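What follows is each chain in one-letter form.
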Amino acid sequence: MDALIKIENLTLGYDKDPVLKEVNLEIFENDFLGVIGPNGGGKTTLLKAMLGLIRPMSGRIVFRKDINTQKKPIGYLPQVKHIDRNFPITVYEVVRSGSLMQNIVRVTSAEIKMRTEELLHEMGIYNIRHKAIGDLSGGQMQRVFLCRALLSNPKILILDEPDTFVDNRFEGELYEKLKTLNQQMAIVLVSHDVGTISSYVKTIACVNGFLYYHANNIITQEQLDSYNCPIKLITHGEIPHTVLKHHNH
Amino acid sequence: MNSLIELFSYGFFQKAFLAAVFASLSCGIVGSYIVARRIVFISGGITHASFGGIGLAFLVGFNPLLGAVAFAVGAALGIQFFTKVAQVREDSSIAIFWSLGMALGIIFIFLTPGYTPNLMSYLFGNILTVTVSELLWMFILNILIILFFSLYYRKILYIAFDEEFARAAGLPVNLINYLIITLVALTVVLNIRVVGIILILSLLTIPQATANLFTKDFRNLLILSSAFAFLGTISGLFISYFLDIPSGATIIFTLILIFGLLRLYKHFF
């Protein structure tokens, strides 16, 4: 089976300064990849390259041939800070804007409308479809943008720090939803918090200037140390607790 | 009441009325975009830069609106170019074009021999002196704007809301941005005669702020902004006529009054 996306020797950066070097990565159907790493390590840059927003300095990103017929086989949920909450736009229109990712030629306006309403129902936000996005709670907003990402029936769903929309209490809800979606599409989830995602993702890529791939979802302190990939580690236990690294002395 | 009806029998007033309709539609629509997109400051830069073209037209002796169009479009594209390609901070490039246009205008007008009539009407506007050919141009602009916004409504909205997403989807974001900023420049210039360079920004922002009190849906915003712009322009026109005070300033004052009253109303009810 060929990979949905094949990334080969990819080097990315801005103004001749490489942010991310020599990335090799393959994403297959039903993959659930967690991308972790510190701020400025190149996580978002990698996503932007996959979305075609920045041109690689070298190397390439290849989509599998059969999904290449779709305009962009990608669904994308941006970071919450990226969204202008005061923009005069309704929930319905935000979700419908996901249709941009589709091959418009083959989809009629009536079909887009139907798909939009279907998704709004499915995600339980049909009754707020006329609300302005500025009037939504974090959880509702997250669902709206997930709807937008799903509208074009993507083969790969990319989420950039989706947990920044809501506080920790509601995170579980999203991850359960993603688990279901994962049966139909590959998911790439970016986070700076490995603990929360590690119980859901199948594989992990640690990004800090380079990309280190782990074929399972277990990541040890030794691995993090050797990759110089400083991230927050949160583990599950009786009471919520954070484990800190041992001191050297 | 009779004097109102009588007023409409005057040719100058009919023209002023049409100018009010055209200005309200174009500023209502384009202004909604400007406000939603947070490019009010760019629009201010474009407006003031157009003064350079008016000055040049006075000096050389051609239609001032032509000069204004050239300078406004030049500034609009120049600001985009400076920001994106030359990587000058956006607010700095706006300020550069804003003051460059004003400076050139002042120099050109100083060099123009003799008295420059109408100069004040470009700075502060005079809706009562709008000519038939200017009305014709305003009409064409309105058709263009309405066609563009109704044909590409969703594309315009989606790009304005999330440019990155639209880019990822492969939409010609840059092309549409350049087209719209050119429309902004044309809107500004062709409405200069109504309220003037100094005051045009308010016609692009105050009706939108008023409309925003009642709706957060972009389509309704376009319609309501145009309606509030018309309400303010036409009542300002009457007030200025009957009180015999400058029309441009009265229109702006009326627009702000309407906003203030409705804002208070929203606060208490």
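Procedures and definitions
- Residues numbered from 1 in each chain as written.
- Chains lettered and ligands numbered in written order.
- Predicted model: local features only at pLDDT ≥ 70, side-chain atom pairs only at ≥ 80, totals over all residues.
- Helix = DSSP H or I, 4+ residues; strand = E, 2+ residues; numbered from the N terminus.
- Buried ≥ 20, exposed ≤ 12 C-beta atoms within 10 Å, placed from the backbone.
- Contact = placed C-beta atoms within 7 Å.
- Rg over C-alpha atoms; globule rule 2.2 N^0.38 Å.
- Core = buried A, V, L, I, M, F, W, Y, C linked by C-beta atoms within 7 Å.
- Domains from an automatic or database assignment.
- Pairing = 2+ DSSP bridges.
- Axes fitted to C-alpha atoms, helices over the stretch in contact; angles between N-to-C directions.
- pLDDT = per-residue confidence, 0-100.

**Q** Any chance you could explain the overall build of chain A here in plain terms?
**A** Helices and strands together make up the secondary structure of chain A, namely seven helices and eleven strands. Residues counted as buried form 40% of the 249 residues belonging to chain A. A separation threshold of at least 6 residues defines the contact pool for chain A, and within that pool the share at least 24 residues apart is 73%.

**Q** Can you help me understand the overall build of chain B in this one?
**A** Along its length, chain B carries 14 helices and zero strands. Helices (α) and strands (β) of chain B occur, in sequence order from the N terminus, as α-α-α-α-α-α-α-α-α-α-α-α-α-α. The globule rule puts the C-alpha radius of gyration for 269 residues at 18 Å, and the 19 Å found for chain B is close to it. For chain B, the C-alpha atoms occupy an extent of roughly 60 × 55 × 30 Å along the three principal directions. Residue burial in chain B is summarised as follows: out of 269 residues, 47% are buried. In chain B, once contacts between residues fewer than 6 apart in sequence are set aside, the share between residues at least 24 apart is 73%.

**Q** Would you mind showing me how to read the nonpolar core here?
**A** Nonpolar side chains in soluble globular proteins tend to end up buried together. The biggest cluster of nonpolar side chains holds 143 residues, and the ones touching the most others in it are Ile156 of chain A together with Ala72, Val184, Ala185 and Val189 of chain B. Formed jointly, this core draws a minimum of three residues from each of two domains, domain 1 (1-70 + 155-249) and domain 2 (81-152) of chain A. Dropping the residues within four chain positions of it, Val184 of chain B is found in contact with Val30, Ile34, Ser43, Ile46 and Ala76 of chain B.

**Q** Explain the sheet that holds strand β1 (residues 5-14) of chain A to me, please; I cannot follow it from the model alone.
**A** Pairing between sheet strands relies on hydrogen bonds along the backbone, with the strands arranged either parallel or antiparallel. Residue and element names in this part refer to chain A. Spatially, β2-β1-β4 is the arrangement adopted by the three strands of the open sheet, whose pairing is antiparallel. Pairing within the sheet leaves two strands with one partner each, and these edge strands are β2 (17-27) and β4 (58-63). For this sheet, the mean angle separating the axes of adjacent strands, direction not counted, is 25 degrees. Across seven bridges, the pairing between β1 and β2 is antiparallel. The partner of Tyr14 across the bridge, within β2, is Asp17.

**Q** Before we go on, may I ask you to explain unusual backbone geometry in this structure?
**A** Generally, phi is negative for residues other than glycine and the peptide bonds are trans, each holding for most cases. Residues and elements named next belong to chain A. Look at Asn9: it is not a glycine, yet its phi comes out positive at around 45 degrees. Checked against the element boundaries, Asn9 lands in strand β1. At Glu22, a residue that is not glycine, the phi angle is positive and equals roughly 50 degrees. Mapped onto the elements of the fold, Glu22 is located in strand β2.

**Q** Just checking my understanding: could you explain the sheet that holds strand β9 (residues 210-214) of chain A for this structure?
**A** Residues and elements named next belong to chain A. The strand order β5-β6-β7-β3-β8-β9 describes an open sheet built from six strands, whose pairing is mixed. Across the chains shown, the open sheet's two edge strands, defined by having one partner strand only, are β5 (74-77) and β9. Strand-to-strand twist in this sheet, taken as the mean axis angle between neighbours without regard to direction, amounts to 15 degrees. As paired strands, strand β6 (residues 156-160) and strand β7 (residues 186-190) are joined by five bridges and run parallel to one another. Each residue of the ladder has a partner; that of Ile156, found in β7, is Ala186. Taken strand by strand, helix α1 (residues 43-50) contacts β3 (32-36), β5, β6, β7 and β8 (203-208), and its axis lies near 145 degrees from that of β6. Contacts from helix α4 (residues 138-150) reach β5 and β6, with the element oriented near 165 degrees to β5.

**Q** Explain the environment of Pro117 of chain B here, please?
**A** All names here are of chain B. In this fold, Pro117 is placed in the loop between α5 (90-111) and α6 (119-124). Overall, the presence of 8 C-beta atoms within 10 Å leaves Pro117 in the exposed class. Here the alpha-carbon distance between Pro117 and Phe228, two residues 111 residues apart in the chain, equals 32 Å.

**Q** I keep staring at the environment of Ile146 of chain B and nothing clicks. Help me out?
**A** Mapped onto the elements, Ile146 of chain B comes out in helix α7 (residues 132-151). In this structure, the C-alpha to C-alpha distance between Ile146 of chain B and Ser26 of chain B, residues 120 residues apart in sequence, is 8.2 Å.

**Q** Quick question: what am I supposed to make of the confidence of the model for chain A here?
**A** Residue-level pLDDT values for chain A average 80, and 78% of them are 70 or greater. Low confidence marks residues 232-244 of chain A, where pLDDT is under 50. Its contacts with residues over four positions away, or in another chain, come to eleven contacts.

**Q** What is the right way to look at helix α8 (residues 153-161) of chain B in this model?
**A** Since the α-helix turns once every 3.6 residues, residues separated by three or four places project in the same direction. Taken together, the buried positions of α8 of chain B are occupied by Ile156, Leu157, Tyr158, Ile159, Ala160 and Phe161 of chain B. Looking at the buried residues of α8 of chain B, the elements they touch are α2 (91-96) of chain A together with α2 (11-36), α7, α9 (163-168), α10 (173-190) and α13 (218-243) of chain B.

**Q** How should the interface of chain B and chain A be read in this particular structure?
**A** Many structure descriptions define interface size as the accessible area lost when the parts assemble. Listed per partner, the contact involves 17 residues of chain B and 16 residues of chain A. When residues of the side of chain B that touches chain A are traced back to their parent elements, those giving at least two are α8, α9 and α13 of chain B. The leading source of residues in the side of chain B that touches chain A is α9 of chain B, at five residues.

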